[in-house]
Number of protein chains: 2
Amino acid sequence: MENSENHQETIVPPVEGVAGGGTAYGWSETLVRDPNLLKGAIDPAKVHSSELVHVWCMPSTANVGPQDMPRELEPISLLAARNERESVQIAIRPKVSWAGSGIAGTVQVQCTDLRSTSGDRLVVGESLRMRRVVPVIGVPDALVPLELPLTQLNLFPGETTAIWVSIDVPNAQPPGQYEGELIITATGDVTESTAQFLGKSERHQLYGELKNCLDVVEPIDGKSPDELVERVKSATSSLRRILLSPPFSDLYSENGVVDMMDEDAITNHSIRLKLTLTVWDFVLPVTPSLPAVIGISDTVIEDRFGVEHGSSEWYEALDQHYKWLLQYKISPYFCRWRENMRVLTYTCPWPADHPKSDEYYSDPRLAAYAVPYSPVVSCGDTAKDTLQREVEILRTKNHWRKAYFYLWDEPLNLEHYEGIRNMASDIHAYAPDARIMTTYYCGPSDSPLASNNFEAFLKIPEFLRPHTQIYCTSEWVIGNREELAKDIIAEIQPENGEEWWTYVCMGPSDPHPNWHLGMRGTQHRAVMWRVWKEGGTGFLYWGANCYEKAMSPSAEIRFRRGLPPGDGVLYYPGQVFSSSQEPVASLRLERLLSGLQDIEYFKLYASRFGRDESLHLLEKTGMYQGPERYTHEHMPIDVMRGEVFRTCRSDNNI
Amino acid sequence: MENSENHQETIVPPVEGVAGGGTAYGWSETLVRDPNLLKGAIDPAKVHSSELVHVWCMPSTANVGPQDMPRELEPISLLAARNERESVQIAIRPKVSWAGSGIAGTVQVQCTDLRSTSGDRLVVGESLRMRRVVPVIGVPDALVPLELPLTQLNLFPGETTAIWVSIDVPNAQPPGQYEGELIITATGDVTESTAQFLGKSERHQLYGELKNCLDVVEPIDGKSPDELVERVKSATSSLRRILLSPPFSDLYSENGVVDMMDEDAITNHSIRLKLTLTVWDFVLPVTPSLPAVIGISDTVIEDRFGVEHGSSEWYEALDQHYKWLLQYKISPYFCRWRENMRVLTYTCPWPADHPKSDEYYSDPRLAAYAVPYSPVVSCGDTAKDTLQREVEILRTKNHWRKAYFYLWDEPLNLEHYEGIRNMASDIHAYAPDARIMTTYYCGPSDSPLASNNFEAFLKIPEFLRPHTQIYCTSEWVIGNREELAKDIIAEIQPENGEEWWTYVCMGPSDPHPNWHLGMRGTQHRAVMWRVWKEGGTGFLYWGANCYEKAMSPSAEIRFRRGLPPGDGVLYYPGQVFSSSQEPVASLRLERLLSGLQDIEYFKLYASRFGRDESLHLLEKTGMYQGPERYTHEHMPIDVMRGEVFRTCRSDNNI
């Protein structure tokens, strides 16, 4: 499977002239098994679905849009570790229209459990999920859940529809080769099946007729036996007629009522697509090796879902978001912007003395958590008292090593830096081992630390020490000069617990890795490859739900003015796309997850062969050489994963 | 109404920072009358539709795509002559999702008759039509008919849907001001109403229960009166229960059966959009002033619709296409490509001695017709005999002045030119007054007529005379050098019945006027403005149905390889978009019609004030100054039309 230009299935006939006219007629002529079946009204029950739709597979790094053209259908073969999610896409495009009502037609998409030869299973609906890829501002991005194991999809003329198939391999899944099928069947259209439904007027008529049967015989008690017999005969005759009438005609057969099981969706006209998954013995660590802390705007939640800050609905809404996000191996923090880019950040909305606090912070899937500097919900105590109490409780806990304070978003001048110092001093007074994280991309503008911007930027650790432990810098500063990462690292004192983290936001822009809408799939995934190569030990992203203000859960999603499309938005409210309240992930969030999983592969490889060899692997597969040189194709990713699998699986250890 | 960038409805709040964070939150905040109605499940019956959808109007020259952003809703005010079609677009975009099933929601769109104060009407379904604008390869193009007077549309999250509203003013329509309304009402979604339908399993259950009622009392005759009473009581009790059961619950009320009339689509929650049309006394000529001859590939019809050349189904299919196309004020000819771009062209598939021949050629809407040089359907006679018979019959008819012969598409060398000469000689032997049309863009490559290409091109009339009467040249040759038109015209001898026509095909390309997909609406319409300005007396387009080969009527439309998108395709088979066999027009075909109608306005104006004044009108309104300088906005078109109306209406003549 390649993520490049389409190849043609047929040979291109010679062009017959230079302009206009009969030029190039017939070049895309495709073999139709029996053209007569496609004349006039097409009955999908009588034609193999492959005559009606193109079906093909695409890798998870492909952006499959409505204009994508068909490719050869090849079986799917995937590799996954345990505790890993691996995804693939199925694209479907109608060859003809058979529905006759604004859509080209409807297909049923079904998937089976994946089974190993030893009888183990990956179960549909638990491990296997399907989501429809929905464009956002014209770019494939939202992944809207589909019903399982069987779903119906409307196809539109001249449009490709993509389905995102994910397999989550449980921690304890026995390694082995698993096989299952995806089955795609063209069906009668919705309108047609609606015709088999009983509409209001038909129900109305039926109701009247049945009511009439009743009125004919009732009241029973006052009637003579003869009259009753006559009336019952009349009523039963009506009832018999009703049962033979059109609303029930398809249910009545010579053998009586038709067996409902005849409706089985799978027919010998279905397109069957084999899906093979190799599960290997590597288990991705439950706690991600690289903390990826991702901001969630509580303000956006409050506005859109209409929950009042501090109300029980508010806690519930935040809790729902938090739990949903954990599946992406990220460490969420809630965030509220204050004056001058001061931020109030907190991973748990409940105070440290609340049982929820331990539940949140002890979760092994959480790699890092933000402790609020001031009360998240006003409680009557002073801010200082609250801070002291929080810190004194938390620092006694085992999970305290995951704690950090994030106080200010990108300080720009001395006053900002001074603000950070003051808050950090307060925190360190209660807990000298507390970690303060500061994001920045420049030194104070009103007091240059060096003669040029990059030198000034390099001096921030020295300038902020000891008031910051996690120096979190914008990838935008590095640009395409990867070697600058070494200069940054040289300023960090890991021996004193200092770390270097990075972040992306508005910048860097194309062609550098980032999560903007419209970037390539490998460009999204490469954000984490870059982190691995540069050697940062954590990552921050400012916002996953920072779309424009709206006052209804299902309000249209608009990106914020002035930001690149998709910046600050990694998932959507479910209500926009369906009646479900479950958030809807973006392709980009899935690729963030894939990138984090790639890091576990690199880390495993490095643990065997050293970090340099892991960088060599990145390079030699053509996967990632630098922020402007990374693969546009999916293949190198599979090659890298295959190489780690080949060299690190346990039967190699013997 | 402007065809330019969106204006914002609200003032943009200050951006709060330079990167990331809380920047620009709340800029698009819109006033919601009662936010509580938009929390949780939204009931469209309880909320004004303007809370749920944006509705706005766009001119017919706008390309309204899924990403188009809302504008202010303003009432529609149109001007039209009699025998004119005037169109406008209504755009709808959901503000929220209320359907909860993959779509944002469903709206009902309804339109009323337009009525004048004196009681005259333009009737919905006859004069007034609505079509949905459907993208083709991502560009709004196909106009798929909607049901009238009431239609339901599914809206998708974050997507704008456009409706094309056309008004055809009959010849005899009394002038005056007509008013009507478009009414848009958000409704429960299809899924919801499907829930009120009875599905198969519910019908199955109902069937079983009713069958059981019957079985309880039958057979009646063998039962004692007491037993019968008991059994009838049991059955009626069941029947009563059935009538109160969910399938009928919405039909049962305390007052008995609910009145079906409650379902009236228009509510006080509807968005009502006023449509005013001024019909003026000018009647566009039934026979278009400018013959626009447009090719229809018979081969494409044969392949796609599976009709065998010469069969009765074939004649029917061609007849259907011909009749449908006449509404666009064009003069269709069928076309079959032969070797070396030799073409067999014919407006009527029946021979001249068939009654259909007169029906076709006498139709006053037809401005010109192609006579086949050789038999369209083989009839046993020699080609020469057939030609002679055709010509001898046709030249006696009054419609013979509309006849032309189109023999070769763009001759390129001496052999091609010689071929034209030979055929023309044959024709002129039978009818010296026959008009031969030749399309060309260059002289013979193997025998240059002059030292440079344009000079050689200019010499073609001299070179081909007397074997061609209609010199039909590519606009591509002129490029942006309008003054060259004068040089071409100087070579034509109108006194000897010669004419200069033009054509567009692959070229000219953007920014020049043409009918390619993706060009601006005014660029499509300007093809005819250009003809008027340059002074050609006819126009040719090589193909209106020349999409790629397919063997099923509903097969996906693909454009031919090597041609710009949309080139040679001005309408689509209806079967691709619905079960209707009626062809589906493109936006571009509508704009071709509008351009031809504009020419009637120019001609009327020129008849009063002279041709130069008509060109001055084109210029001063900013509508068209040259092939690279024409309006991108719609406004100048309305200004031009208003000026012609103001200066040429009959009460000005007194």
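Residues numbered from 1 in each chain as written. Chains lettered and ligands numbered in written order. Predicted model: local features only at pLDDT ≥ 70, side-chain atom pairs only at ≥ 80, totals over all residues. Heavy atoms only, no water.

1. Thoughts on the pairing of strand 3 (residues 85-94) of chain A
Residue and element names in this part refer to chain A.
So, point 1. Among the ten residues in strand 3, ten count as buried, and that is most of the element.
So, point 2. Of the two faces of strand 3, both are covered, the one formed by R85, S87, Q89, A91 and R93 as well as the one formed by E86, V88, I90, I92 and P94.
So, point 3. Examined bridge by bridge, strand 1 (residues 53-59) and strand 3 share seven bridges and lie antiparallel to one another. Within strand 3, the position partnered with C57 by the bridge is I90.
So, point 4. Across eight bridges, strand 3 lies against strand 10 (residues 161-168) in antiparallel orientation. Opposite R85, over in strand 10, you have D168 as the bridge partner. (Buried < 20%, exposed > 50% of the residue type's maximum accessible area, 1.4 Å probe, protein only. Helix = DSSP H or I, 4+ residues; strand = E, 2+ residues; numbered from the N terminus. Pairing = 2+ DSSP bridges.)

2. Here's the deal with the environment of A:V107
Residue and element names in this part refer to chain A.
So, point 1. Inspection of the secondary structure assignment puts V107 in strand 4 (residues 105-111).
So, point 2. Considering only alpha carbons, one finds V107 and N154, 47 residues apart in sequence, at a separation of 6.6 Å.
So, point 3. With residues up to four places along the chain from it excluded, the contact list for V107 reads V53, I92, W98, T151, Q152, L153, L155, I184, T185, A186 and T187. (Contact = heavy atoms within 4.5 Å.)

3. As for the sheet that holds strand 22 (residues 499-504) of chain B
Residues and elements named next belong to chain B.
So, point 1. The strand order across the open sheet formed by nine strands is 17-16-15-23-22-21-20-19-18, and the pairing between neighbours is mixed. One side of each edge strand has no neighbouring strand; the edge strands of this open sheet are strand 17 (343-346) and strand 18 (369-370).
So, point 2. Here strand 18 runs beside strand 19 (residues 403-409); their pairing, made up of two bridges, is parallel. By the bridge assignment for strand 19, A370 is matched with Y404.
So, point 3. Helix 5 (residues 298-305) rests against strand 15 (292-297), strand 16 (331-337) and strand 17 of the sheet, and its axis sits at about 40° to strand 15. (Axes fitted to C-alpha atoms, helices over the stretch in contact; angles between N-to-C directions.)

4. Remarks on the packing of helix 8 (residues 383-394) of chain B against helix 9 (residues 414-430) of chain B
All names here are of chain B.
So, point 1. Axis separation between helix 8 and helix 9 bottoms out at 9 Å; the angle between their running directions is 45°. Classed by the angle they form, the pair helix 8 and helix 9 counts as oblique. Handedness of the helix 8/helix 9 crossing: right-handed. In this structure, helix 8 uses K384, L387, Q388 and V391 to contact helix 9, whose residues at the interface are D426, I427 and Y430.
So, point 2. Across the contact of helix 8 with helix 9, the residue classes tally to four nonpolar, one polar and two charged. (Parallel < 35°, antiparallel > 145°, perpendicular 65-115°, else oblique. Left-handed = near helix turned anticlockwise from the far one by under 90°. Nonpolar A, V, L, I, M, F, W, Y, C, P; charged D, E, K, R; others polar.)

5. Some words on the state of the cysteines
So, point 1. The final tally for this structure, using the stated rule, is zero disulfides over all chains.
So, point 2. Left without a disulfide partner, B:C472 is nearest to the cysteine sulfur of B:C505, which lies 10.0 Å away. (Disulfide = S-S within 2.5 Å.)

6. A look at the UniProt feature "domain: Glycoside hydrolase 123 catalytic" (unreviewed entry) in chain A
So, point 1. Here, UniProt's "domain: Glycoside hydrolase 123 catalytic" (unreviewed entry) annotation points to residues 390-603 of chain A.
So, point 2. Along residues 390-603 of chain A, the helical share is 35% and the strand share 15%, with 34 Å between the first and last C-alpha atoms. (UniProt positions renumbered as here; feature names shortened; annotations may be inferred.)

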